[in-house]
Protein chains: 2
Amino acid sequence: MSSATRQRGPANNAFDPDTLANLPAQDRDLIHRRQELLGPAYRLFYQRPLHFVRGRGTRLWDVAGEEYLDAYNNVVPVGHTHPRVVEAVYEQMQTLNTNTRYLNENILNYAEDLLGTFSGPVAARHAMFTCTGSDANDLALRIAKYRTGQEGVIVTSWAYHGNTRQLTGVSPSLGDASPLAPWCRRVPTPDSYRLDPAELPQRFANWVEEQIEHLNRHGHGVAALLLDTSFSSDGLFVDTDVLAPAVERVREAGGLFIADEVQPGFGRLGSHLWGHQRHGLDPDIVSMGKPMGNGFPVAGIAVKRDVVADFGHDIRYFNTFGGNTVAMAAAQATLDVIRDEGLMANAESTGAVIRNGLLELQKRHPRIGHVRGAGLYFSVEFVTDLDEKIPDKANATAVVNAMAERRVLISQTGRAGNALKIRPPLVFDSADADRLLTELSAVLDGLDA
Amino acid sequence: MSSATRQRGPANNAFDPDTLANLPAQDRDLIHRRQELLGPAYRLFYQRPLHFVRGRGTRLWDVAGEEYLDAYNNVVPVGHTHPRVVEAVYEQMQTLNTNTRYLNENILNYAEDLLGTFSGPVAARHAMFTCTGSDANDLALRIAKYRTGQEGVIVTSWAYHGNTRQLTGVSPSLGDASPLAPWCRRVPTPDSYRLDPAELPQRFANWVEEQIEHLNRHGHGVAALLLDTSFSSDGLFVDTDVLAPAVERVREAGGLFIADEVQPGFGRLGSHLWGHQRHGLDPDIVSMGKPMGNGFPVAGIAVKRDVVADFGHDIRYFNTFGGNTVAMAAAQATLDVIRDEGLMANAESTGAVIRNGLLELQKRHPRIGHVRGAGLYFSVEFVTDLDEKIPDKANATAVVNAMAERRVLISQTGRAGNALKIRPPLVFDSADADRLLTELSAVLDGLDA
């Protein structure tokens, strides 16, 4: 039995340990040491795992000195080792690192700034801080369940919302070996490639309605509809104005709407700072994470005042590192740079260049079934047949790995793993876009050969 | 109805918002702003909340320039703003901040170093990295449940193990409003003040045995006995060689032993780097957090190879920030300083000075029922009656707040909140110890007056 068989967790773009013998001795030794020390739960990217030692902006350098273009990393929206974030953390670490049980102004200034980015007045919401997007989603569900007195959570069929016990129970994309919670229900992905986009709002609402009935029938009730409004893990679908009817059904049933902005948030989609704003929604809770501190572990939620009132009074919340003075310095510097460098506008303009380039490539390559994206976030679906739209994982995998050999980093997404996932830092410029498209064009030509 | 009544979460040493009017205008404004922005779930320490702006070693400075001695903060074991940790993080942040899906040597070097601190060979365990102690405990329970195929978890009656949904279900100290999980069972605290210490190993084993039977009868089975072996939240009990018989019973029932080292770990107890080593135990999983990166968010588990083998193969684990290159730099620098500056030995020697001083104070003050501690970790219990050992929270609260007025920071612990909790950074020196004892003596004399 191969390791790939034994590894039931279906990670896209994962290195297969059975191919270890194909690698250079130096890499083999490091991977072996890694297996010994970190154990079997960790996965590496790419058929030839990469070993980076330096980063700057959109570039990474490996141990041999080779330079790579990073078109995948959303943890560093303002670019690798951005000096403003690095210096802000350094200054704060030299000064003070304490927690939220003491008074501090920087957490308040950042909270005010952050809450000002949502619909409605700053005073409509509270900010609460955690360390990871998982912590944030876990807290969001705790609050939703306490608020509604109900347990049920509805997610999409290939969602990922985090790695705590509660969240693995609502993360179908972790695969069959990771059980869903008894109170979790799934709805299909609003797949605008395979379904009529005009019908999606009503269809999605109907799917949600069915699951509400199911949850009620089983006595769980519905606490929340929990969605990444860009459906990152489901394959990335960035259509606008799809979700309002479904959210309305959930609220009629006494449930809340939680927008998981860990992936789409902080300007990646170009037109809006938050994904839910593209659907005209006003979530009860917004969770955020990955890009928030440009790599410093910081995350959090924005929650409507009335939603957290009872939870806050009855159950205190403390997170040793969440909202500490250094985390807030990192988050403030990151948000400042996103605004000062106009990175949302850059996501829109550079994103348009990439999108047009991808559409051009699609015309020449019939294996590309669908190109979609917004801002600097793209999915390119490979299919074996344009009419039947049968997912073609093999070619997506081949492209991702061939791109890595040409020193451009992208990855894969979707249940079938047949879609390229392109998600560069928001500082990606037109020269980066050209390089990405040029290399992708060459790789696609190679496929056809 | 007062806020204190509404605030059902029973936090020790929490500021009561109903007393806001007693504070200076500047503090009132900041607290009001905090309530508006962060909402009701956050708690402040002390009757007069503190506002720090600078830290160094064992000292903190408030916004008015007043200097405080920090005898409570275990998040900075090597002292506030220690230059080696600050510079290590700065250097790594300038260089590269990436995740565990790429190869990196620093995570391997740190893992090897860390695993070498446990009983047995490095190869007996794997290290896995998270961001917070909560993440670490949550992962530990996921692994334990997957390994054993059972659900039940046994904890002590006033334990705290973290803030995720799974962990609030095994954290009775969060109070009545926070429900325990159906598969959670509690055993009494091994209280060596109120019970015969010689009988504790057998009694504790019997209590655990009763709960194993209970869990089996309800069909949950026993996945784990989860203990902070210093019982920090239960009031701090640092007796040695108490727990082996109980652990044996759990293993006979097919369960695992998880040592939650978030509070006692990394040398605080002076004699050993890990609390479980004081009980001669070899845990199946060790979780660790708070002091690990001297304030940088980093945490993790050390797990026996066979325990995580199936989980690792079947369910991948990824944590965006956990084990990133900067977190590993912070953790490595912190561990290096603990060793290079001999901080475990300092915890033992400075701790002995404090312990002797506390015992002297006990002789003069009949309100002190019990002094206990190891290394730089102490509990001082106040009682209304030395024979009946009735907890006296009022005097403990008075002492903690009077100490803060004298600019020495300590806090409270235990279900009754009647015990001082003294837990200084491990760089606490003899002058710091003198200052702590001198101020405590003066405060106690004031109580008696």
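None of these values were measured; they are calculated from a predicted model. (Residues numbered from 1 in each chain as written. Chains lettered and ligands numbered in written order. Predicted model: local features only at pLDDT ≥ 70, side-chain atom pairs only at ≥ 80, totals over all residues. Heavy atoms only, no water.)

Trainee: Lay out the overall build of chain A with the relevant residues and their values.
Mentor: If you tally the helices and strands in chain A, you get 13 helices and 15 strands. For a compact globule of 449 residues, the expected C-alpha radius of gyration is about 22 Å, and chain A comes in at 22 Å, within 12% of that figure. Projected onto its principal axes, the C-alpha positions of chain A cover 65 × 55 × 45 Å. Put simply, chain A has 449 residues, and 66% of those count as buried. Contacts spanning at least 24 positions in sequence make up 71% of the contacts within chain A whose residues lie at least 6 apart. (Helix = DSSP H or I, 4+ residues; strand = E, 2+ residues; numbered from the N terminus. Rg over C-alpha atoms; globule rule 2.2 N^0.38 Å. Buried < 20%, exposed > 50% of the residue type's maximum accessible area, 1.4 Å probe, protein only. Contact = heavy atoms within 4.5 Å.)

Trainee: Give a description of the interface of chain A and chain B that names residues and reports values.
Mentor: Each partner contributes to the interface: chain A provides 102 residues, whereas chain B provides 101 residues. Three residues stand out in chain A for area buried against chain B, namely Y102, L103 and R316 of chain A, and they jointly supply 10% of the buried area on that side. Scanning the region where chain A abuts chain B turns up six salt bridges. A salt bridge links E36 of chain B to R305 of chain A, with the shortest nitrogen-to-oxygen separation between them at 3.1 Å. At the junction of chain A with chain B, the criterion picks out 44 residue pairs in polar contact (both at pLDDT 80 or more). Sorting the residues of the side of chain A that touches chain B by element identifies α2 (25-38), β1 (52-56), α3 (83-95), α4 (105-115), β4 (125-130), α5 (133-148), α6 (165-168) and α9 (305-314) of chain A as the ones contributing at least two each. (Buried area = accessible area lost by both parts, 1.4 Å probe. Salt bridge = Lys/Arg side-chain N within 4 Å of Asp/Glu carboxyl O. Polar contact = N/O pair within 3.5 Å; in protein donor to acceptor, adjacent residues only side chain to side chain.)

Trainee: Requested: an account of the side chain of T117 of chain A, with residues and values cited.
Mentor: Residue and element names in this part refer to chain A. Here T117 is to be found in the loop between α4 and β4. What makes T117 buried here is its relative accessible area of 15%. Polar side-chain contacts of T117 include one of 2.9 Å to the side chain of W274. Residues within four places of T117 in sequence aside, it is in contact with L273, W274 and Q277.

Trainee: Describe the sheet that holds strand β6 (residues 184-187) of chain B, naming the residues involved and giving the relevant values.
Mentor: Within a sheet, adjacent strands bond to each other through the backbone by hydrogen bonds, running parallel or antiparallel. Residues and elements named next belong to chain B. Taken in spatial order, the seven strands line up as β4-β10-β9-β8-β7-β5-β6 in an open sheet, and their pairing is mixed. Two strands close off the open sheet at either side, each with one partner strand: β4 (125-130) and β6. The sheet shows a mean angle of 20° between the axes of neighbouring strands, taken without regard to direction. Bridge count between strand β9 (residues 285-288) and strand β10 (residues 299-304): four bridges; the pairing is antiparallel. Looking at β10, one finds that S287 is bridged to I301. With respect to the sheet, helix α7 (residues 200-217) is in contact with β5 (152-156), β6 and β7 (222-227), its orientation differing from that of β6 by roughly 160°. (Pairing = 2+ DSSP bridges. Axes fitted to C-alpha atoms, helices over the stretch in contact; angles between N-to-C directions.)

Trainee: Report on the pairing of β10 of chain B, specifying residues and quantitative values.
Mentor: Residue and element names in this part refer to chain B. In terms of burial, β10 is a largely internal element, six of the six residues being buried. On β10, burial covers both faces: A299, I301 and V303 on one face and G300, A302 and K304 on the other are all buried. In this structure, β4 lies alongside β10, joined through six bridges in antiparallel fashion. Each bridged residue has a counterpart across the sheet, and for T130 the counterpart in β10 is A299.

Trainee: Talk me through the pattern of salt bridges; I want residue IDs and the actual numbers.
Mentor: Counting across every chain of the model gives 50 salt bridges over all chains. One salt bridge in this structure joins D340 of chain A and R84 of chain A, with 3.0 Å as the shortest N-O distance. Placement of the pair is D340 of chain A in helix α10 (residues 325-340) and R84 of chain A in helix α3, with a sequence separation of 256 residues. Taking relative accessible area as the criterion, R84 of chain A reaches 36% and is therefore assigned partly exposed. In this structure, the salt-bridge partner of R339 of chain B is D113 of chain B, at a minimum N-O distance of 2.6 Å. In this pair, R339 of chain B is assigned in helix α10 (residues 325-340) and D113 of chain B in helix α4 (residues 105-115), connecting sequence segments 226 residues apart. Look at D113 of chain B and you get partly exposed, because its relative accessible area is 22%. By sharing partners, the salt bridges in this structure join R125, R251, D282, D284 and K304 of chain A into a single network.

Trainee: Could you give an account of the packing of aromatic side chains, with specific residues and numbers?
Mentor: The tally for this structure, following the rule as stated, stands at 24 aromatic pairs over all chains. Between F45 of chain A and Y72 of chain A, the aromatic rings sit 5.8 Å apart at their centres with planes inclined by 80°, giving edge-to-face as the arrangement. Of this pair, F45 of chain A sits in the loop between α2 and β1 while Y72 of chain A sits in the loop between β3 (67-70) and α3, and the two are 27 residues apart along the sequence. Across the pair, Y72 of chain A and F45 of chain A agree in class, each one buried. Put simply, the rings of F45, Y46, F52, Y68 and Y72 of chain A together with Y102 of chain B touch in pairs and so form one group of aromatic residues. (Phe/Tyr/Trp six-rings, centres within 6.5 Å; stacked < 30°, edge-to-face > 60°.)

Trainee: Can you tell me about the packing of helix α7 (residues 200-217) of chain A against helix α8 (residues 244-252) of chain A, naming the residues and giving the values?
Mentor: Residue and element names in this part refer to chain A. Packing of α7 against α8 leaves a shortest axis separation of 7 Å and a crossing angle of 25°. The orientation of α7 relative to α8 falls into the category roughly parallel. For the pair α7 and α8, the crossing hand works out as right-handed. On α8, the residues touching P201, Q202, F204, A205, N206, V208, E209 and I212 of α7 are P245, A246, R249 and V250. Of the residues belonging to the contact of α7 with α8, the class tally is eight nonpolar, two polar and two charged. (Parallel < 35°, antiparallel > 145°, perpendicular 65-115°, else oblique. Left-handed = near helix turned anticlockwise from the far one by under 90°. Nonpolar A, V, L, I, M, F, W, Y, C, P; charged D, E, K, R; others polar.)

Trainee: Break down the relation of the copies chain A and chain B for me, citing the residues and quoting the values.
Mentor: Here chain A sits on chain B after a turn of 180° about the axis and a move of 0.0 Å along it, with an RMSD of 0.0 Å. The transformation just described matches what one would write down for a two-fold rotation axis. (Least-squares fit on C-alpha atoms with pLDDT ≥ 70 in both.)

Trainee: Would you mind going over the environment of T384 of chain A in detail, with residue names and values included?
Mentor: Considering the arrangement of structural elements, one finds T384 of chain A in the loop between β12 (377-382) and α12 (393-405). Judged by relative accessible area, which is 53%, T384 of chain A ranks as exposed.

Trainee: Lay out the sheet that holds strand β15 (residues 419-422) of chain A in plain terms, naming residues and giving numbers.
Mentor: Residue and element names in this part refer to chain A. Pairing within the open sheet is antiparallel, and its four strands lie in the order β11-β12-β15-β14. What marks the edges here is a single partner per strand, and that holds for β11 (368-374) and β14 (411-413). Neighbour-to-neighbour, the strand axes of this sheet turn through a mean angle of 30°, independent of strand direction. Taken together, the four bridges between β12 and β15 define a ladder with antiparallel strand orientation. Directly across from F378, in β15, lies its bridge partner I422. Across the face of the sheet, helix α11 (residues 343-364) comes into contact with β11, β12 and β15 while running at roughly 170° to β11.

Trainee: Which residues make up the environment of D191 of chain A, and what are the values?
Mentor: Residues and elements named next belong to chain A. Tracing the backbone shows D191 in the loop between β6 (184-187) and α7. Judged by its relative accessible area of 11%, D191 is buried. Between the C-alpha atom of D191 and that of D239, which follows or precedes it by 48 residues, the distance is 9.4 Å. Setting aside residues no more than four positions away along its own chain, D191 makes contact with L200 and F237.

Trainee: Tell me about the side chain of N324 of chain B, residues and numbers included.
Mentor: The topology assignment puts N324 of chain B in the loop between α9 (305-314) and α10. The class for N324 of chain B is buried, based on a relative accessible area of 2%. Polar side-chain contacts of N324 of chain B include one of 2.8 Å to the backbone nitrogen of A327 of chain B. Beyond its immediate sequence surroundings of up to four residues, N324 of chain B is in contact with G295 of chain A together with N97, T98 and N99 of chain B.

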